Each structure stands twice: as structure tokens, then as C-alpha cells.
Amino acid sequence: MTTSPRTLMRIHFHLPEPDPAVYEQLLALLADITPQVQAHPADFSADADLTGALRYWGQDAAGLVGVIRLRALALHGVRTSAGAGPSRMIAAMAAALAPPGAAITVAPTAYDTAAFLRPQPAAALPGIGPAAARALGRLGITTVGDIADTLATLQRILGIAAGRQAHDRARGIDDRPIVPAAAPKSLGHRFDHDELDPDRHHRTVLGLTEHIGAVLRSERQVAQGLTLAATYADRSHTTRTRSLAAATAHGPALAATARDLLASLGLQRARVRTLALRAERLQPAETATQQLTLDIRDDRAHDLEAALDRARARYNPRIVGRAAAYRGVV
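Remember, it's a predicted structure, so these values are computed and weren't measured experimentally. (Residues numbered from 1 in each chain as written. Predicted model: local features only at pLDDT ≥ 70, side-chain atom pairs only at ≥ 80, totals over all residues. Heavy atoms only, no water.)

1. Some remarks on the overall build of the protein chain
Helix and strand counts for the protein chain come out as 13 helices and ten strands. Of all 330 residues assigned to the protein chain, the portion counted as buried reaches 45%. A separation of at least 24 residues holds for 65% of the contacts in the protein chain among residues at least 6 apart in sequence. Accessible area for the protein chain stands at about 17000 Å²; split by element, carbon and sulfur atoms hold 54% of it. (Helix = DSSP H or I, 4+ residues; strand = E, 2+ residues; numbered from the N terminus. Buried < 20%, exposed > 50% of the residue type's maximum accessible area, 1.4 Å probe, protein only. Contact = heavy atoms within 4.5 Å. Areas by Shrake-Rupley, 256 points an atom, 1.4 Å probe, with all protein chains shown as cover.)

2. Side note on the sheet that holds strand E3 (residues 45–49)
Spatially, E2-E3-E1-E4-E5 is the arrangement adopted by the five strands of the open sheet, whose pairing is mixed. One side of each edge strand has no neighbouring strand; the edge strands of this open sheet are strand E2 (37–40) and strand E5 (103–105). Taking the axes of each pair of neighbouring strands and ignoring which way they run, one obtains an average angle of 15 degrees across the sheet. For strand E1 (residues 8–14) and E3, the ladder comprises five bridges, and the chain directions are antiparallel. When the sheet's bridge partners are listed, Arg10 is paired in E3 with Asp47. The strands touched by helix H1 (residues 20–33) within the sheet are E1, E2 and E3, with E2 carrying the most contacts at an inclination of about 160 degrees. Seen against the sheet, helix H4 (residues 88–97) touches E1, E2, E3, strand E4 (79–85) and E5 and runs at an angle of roughly 145 degrees to E4. (Pairing = 2+ DSSP bridges. Axes fitted to C-alpha atoms, helices over the stretch in contact; angles between N-to-C directions.)

3. Points about helix H11 (residues 251–265)
In this model, H11 (15 residues) spans 21 Å end to end at C-alpha, consistent with the 21 Å of a helix rising 1.5 Å per residue. Immediately downstream of H11, the backbone of Gly266 shows phi near 60 degrees, a positive value. (Expected span 1.5 Å × (residues − 1).)

4. Some remarks on the pattern of salt bridges
Scanning all chains against the criterion turns up ten salt bridges. In this structure, Asp149 and Arg118 form a salt bridge, with 2.7 Å as the shortest nitrogen-oxygen distance. One end of the pair, Asp149, is in the loop between helix H7 (144–148) and helix H8 (152–158); the other, Arg118, is in the loop between helix H5 (110–117) and helix H6 (130–137), with 31 residues separating them in the sequence. Given the relative accessible area of 35%, Arg118 is considered partly exposed. Residues participating in the shared-partner salt-bridge network are Arg10, Asp47 and Arg88. (Salt bridge = Lys/Arg side-chain N within 4 Å of Asp/Glu carboxyl O.)

5. So, the pairing of E3
The element E3 is largely enclosed, with a buried count of five among its five residues. Neither face of E3 is open: one carries Ser45, Asp47 and Asp49, the other Ala46 and Ala48, and all of them are buried. Here E2 runs beside E3; their pairing, made up of four bridges, is antiparallel. Considered in E3, the bridge of Val37 is made with Ala48.

6. Things to note about the side chain of Glu17
Tracing the chain through its elements places Glu17 in the loop between E1 and H1. Leave out the neighbours within four places in its chain, and Glu17 touches Arg190, Thr231, Arg235, Arg273 and Thr274.

7. Side note on the pairing of strand E8 (residues 237–248)
Both strand E7 (residues 221–232) and E8 contribute to a ladder of eight bridges, which runs antiparallel. When the sheet's bridge partners are listed, Leu228 is paired in E8 with Arg240. The turn linking E7 back onto E8 is made up of four residues, and Arg235 within it adopts a positive phi angle of 75 degrees.

8. Here we look at the packing of aromatic side chains
Counted by the stated rule, this structure contains three aromatic pairs. Residues Phe13 and Tyr23 carry aromatic rings whose centres are separated by 6.4 Å and whose planes lie at 70 degrees to one another, so their mutual orientation is edge-to-face. Separated by ten residues along the polypeptide, Phe13 in strand E1 and Tyr23 in helix H1 bring together distant segments of the chain. Owing to a relative accessible area of 0%, Tyr23 belongs among the buried residues under this scheme. When the centroid spacing of 5.4 Å and the interplanar angle of 80 degrees are considered together, the rings of Tyr23 and Phe44 count as edge-to-face. One end of the pair, Tyr23, is in helix H1; the other, Phe44, is in the loop between E2 and E3, with 21 residues separating them in the sequence. The burial state of Tyr23 is the same as that of Phe44; both residues are buried. (Phe/Tyr/Trp six-rings, centres within 6.5 Å; stacked < 30°, edge-to-face > 60°.)

9. What about the packing of helix H10 (residues 198–218) against H11?
At a minimum axis distance of 9 Å, the contact between H10 and H11 shows a crossing angle of 145 degrees. In this structure, H10 crosses over H11, and the sense of that crossing is right-handed. Listed contacts from H11 to His201, His202, Val205, Leu206, Thr209, Gly213 and Arg217 of H10 are Gly251, Leu254, Ala255, Ala258, Arg259 and Leu262. Class assignment of the residues belonging to the contact of H10 with H11 gives a composition of six nonpolar, five polar and two charged. (Left-handed = near helix turned anticlockwise from the far one by under 90°. Nonpolar A, V, L, I, M, F, W, Y, C, P; charged D, E, K, R; others polar.)

10. As for the environment of His211
Turning to its location among the elements, His211 is positioned in helix H10. Residue classification places His211 among the buried residues on the basis of a relative accessible area of 13%.

11. As for unusual backbone geometry
Of note in this structure, Arg220 is not a glycine but carries a positive phi near 55 degrees. With respect to the helices and strands, the residue Arg220 is situated in the loop between H10 and E7. Judged by relative accessible area, which is 55%, Arg220 ranks as exposed. Located in the positive-phi region is Arg281, a residue other than glycine, with phi close to 50 degrees. Of note, Arg281 is situated in the loop between strand E9 (272–280) and strand E10 (283–284).

Pasting the structure below:
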């Protein structure tokens, strides 16, 4: 019995504003097509394995990608660009070349893969950064096809392992699977007017952090990172992402990272329309590695947090919170 070639897709959702709630709805739209969806919330994109879905939906790769893009536009008003091919790498490279409102599909044959990859500039290959591309270029290795045609020189410049990986990728070898993960938890706040007050920005972010932490703890999940997005009066936006020191749902740890993200945005004179906070790379709390501490203050903080969670569960999710979230004092 022959195995059908893989068909994977990378899709970019061009949101008019960085709205995490809409992004989660778009991920759910993808999940209606195939359960194999891997979110990339930092740039509002996602990977999806369409291999099994093609026969179910009676479509070829280009047709099913078109259905997904049409649903995103019709149901959510969101334009997309997408790429599809026999590997995650080729799908991502095709999506990077597709302008908004378009899609590029690479057929899963050796000829079509080579025809797509070989003319691309060396820097377009994942793992080849600007410095490596310049070093290769000085030796006349300027395209992905050049990388596919050499190995010893690559290993001399990039190292043995990195050179072998670049050589394999240039020939279209990429067996990485789609890794489904829980959708990120996110909250947003829209101000009544374009807000200039840094204290209001600060209190808002701490309030969002407080509520996201409570949701994570109630679902026994922990986050490995946070993303903070700000939309301004002119509808432009800025996004910052930072990894946490350890996977956690503990309020003070989340708040410390959220404050750092807010400071990195430099909003002192900005007219802010919305702020959105997203907890990234979720995992079950029981699988997370816990760092032991002998600090009794940390134990007390966890006990207080548990008491606040019980009060929220019994009365109202917003009935209690840390004073810093309401007064702007940490």
C-alpha cells in the first residue's frame, strides 16, 4: 500500500488589529478542517497538516487552501496569505512569498520541489542567517540550488551539523511534523478613548495579567511565555514577546514579565487604543518542572493566590484582585 505524500500549509492571518480573540476563532476555523494545527501566535500565523483532509473534503491542495482562505474572509473579514507543500519548510517559504490575498502551492514531486527551491536566494532557506548568507556569497554560493550542490564547503563555514542540515533542507528534506498545542489564552482591553496616561496602561496590563493567571490556574495550565500587543490611534500596532524563566501560572511571575513587556513598548507618549495580553506555549501544570524554593514569602504568595482564586470561584471572577492591578502600584 502506497502512502500519500504529505500536504502541509502555512497561513498568515492579516488582522487589521492584533486581536487575540479573533485569532483564536481563526484557529478554530482551521481545526474544523483538520485537527493537526500548530499555532504561531507571535505573528498570527499557523501550520496545518492537510494530508488526511484532502480526501475528506474532496479537494486538492490548492482547492482546500482556497476554501480555508474564503472562510476566513467570509466569516471573520480577515485577509490571508498562504503556502502549501510537502513539508513545513516549503509551506513556510511559499507563504512568505505570497502577497496578502494570495496563495502559492508547491506540488509534492521531486521536480516541483526542486523548481521551487533552487532559484530562491540562500538567505531564504531556514537556518541561513544574514551573516552566513554573506559568508556563502563570498564563495559564490548565492542560491538554495548552490547550497544543494555542495556539502563540504557548507560544513567548513557552518559547522558539520548545521552544514548537513542546510544541505538537506536545500534538497527539500524536512520531516518535521505539525505539533498541535493548546490555543493561547488571551485577553484584551479597549479604552474609551485613545489613552495617553502611562498609569492607565500599567493598571490595564496588570489587570489582564491577573485574569489570565486566574484562568490558567482554574484550567490547571501553565504558560511558557507572554505576548503584549498595543494598537495605536493611527491603527498601527506593536507586539513584544518574552519567555518566562519557568513555565508558570503564578501571578507575580506573570506580572513581572508583563511589566517588562510594557516597558519595552515605550508607551510614554503613545495614544493607545487597545492593549492585548496573551499567554503562550501552554502545557498541563502537572507536566511542568517546578523550581524548589526555600523562601517563605513565595509560599505565602501562593497561599494568598489560592485564597483569591477560591473567592473568585465562589463569588465573582472580578470581585477580588491584587491592589497593584487597580492602583498602579507594584
